[in-house]
Amino acid sequence: MALRLGDEAPDFTAETTEGPIRFHEWIGNGWAILFSHPKDFTPVCTTELGYMAGLKDEFAKRNTKILGLSIDPVTDHNRWLKDIEEATGQKVNYPLIGDPELKIAKLYDMIHPNASAQTNRTAQDNATIRSVFIIGPDKKIKLSLTYPMSTGRNFDEVLRVLDSMQLTAKHKVATPVNWKEGEDVIILASIPDADAKSLFPQGWRAVKPYLRMVRQPK
């Protein structure tokens, strides 16, 4: 069954490079990024895992944990982690799930449910397993993205979206096109002007009656 935004993220237990976890328990009261890879020792994914290691502190500032997944056993991951550090200069500092039986890939609808877990699967066999999920403290899926194998993921954009979601979860605003932290935001169209005056006493700029720009709430 396909997972949609707002669905509860399926819970699971898994072996990782940092020991066994139960997903919901591991998330705790914060946010989480789950991002998956079709195979160990693949070039694009090597660059991605290293880059995410460099962003760990930025995600931590946002009370967000990082969790990777690859369709190989943890023993292979541990060898791959050395390559990642040598290639990118970044030591992977978050857990990487081993999923050789495709259990989590199938649970999260990343691959055909009838796919077999034979040991000679190639990255091409697993091409659809390049997804990103953002999961909130309520364990609901807030974002879902799937990339082609040939295109490296933009994790700066994932960070930007996380900023937007955390802001709009607290305030009655939305973020406009290409918004970045600190820029003006939009008062929700569902908020009438009378209510908006008490929520945003500093006032706003009405581009259209339904498009009211206001300074980003702190």
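Note that the structure is predicted; figures quoted are calculated from it, not measured. (Residues numbered from 1 in each chain as written. Predicted model: local features only at pLDDT ≥ 70, side-chain atom pairs only at ≥ 80, totals over all residues. Heavy atoms only, no water.)

Next up on the list: the overall build of the chain. Along the chain, the regular secondary structure elements total 6 helices and 11 strands. Overall, the C-alpha framework of the chain stretches about 65 × 40 × 30 Å when taken along its three principal axes. Taken over 218 residues, the chain has a buried fraction of 45%. Summarising the internal contacts of the chain: among those between residues at least 6 apart in sequence, 64% fall at separations of at least 24. Taken as a whole, the chain presents about 11500 Å² of accessible surface, with 51% of it coming from carbon and sulfur. When the 28 basic and 28 acidic side-chain charges of the chain are each reduced to a single mean position, those positions are 6 Å apart. (Helix = DSSP H or I, 4+ residues; strand = E, 2+ residues; numbered from the N terminus. Buried < 20%, exposed > 50% of the residue type's maximum accessible area, 1.4 Å probe, protein only. Contact = heavy atoms within 4.5 Å. Areas by Shrake-Rupley, 256 points an atom, 1.4 Å probe, with all protein chains shown as cover. Lys, Arg positive; Asp, Glu negative; His and termini not counted. Charge placed at Lys NZ, Arg CZ, Asp CG, Glu CD.)

This brings us to the pattern of salt bridges. Scanning all chains against the criterion turns up 12 salt bridges. With its nearest N and O atoms 3.0 Å apart, the salt bridge here joins arginine 62 to glutamate 58. Its salt-bridge partner being glutamate 101, residue lysine 103 comes within 3.1 Å of it at the nearest N-O pair. Lysine 103 sits in the exposed class, given a relative accessible area of 57%. On the basis of relative accessible area, glutamate 101 is assigned to the partly exposed category, the value being 47%. Members of the salt-bridge network, linked through shared partners, are Glu58, Lys61, Arg62 and Asp163. (Salt bridge = Lys/Arg side-chain N within 4 Å of Asp/Glu carboxyl O.)

Within the chain, lysine 139 stands out as a residue other than glycine whose phi angle is a positive 70°. Here lysine 139 shows up in the loop between β6 (131-135) and β7 (141-146). Look at lysine 139 and you get buried, because its relative accessible area is 14%. With a phi angle near 60°, asparagine 178 is a residue other than glycine that sits in the positive phi range. Tracing the sequence through the fold places asparagine 178 in the loop between β8 (173-174) and β9 (185-187). Residue class for asparagine 178 comes out exposed when judged on its relative accessible area of 58%.

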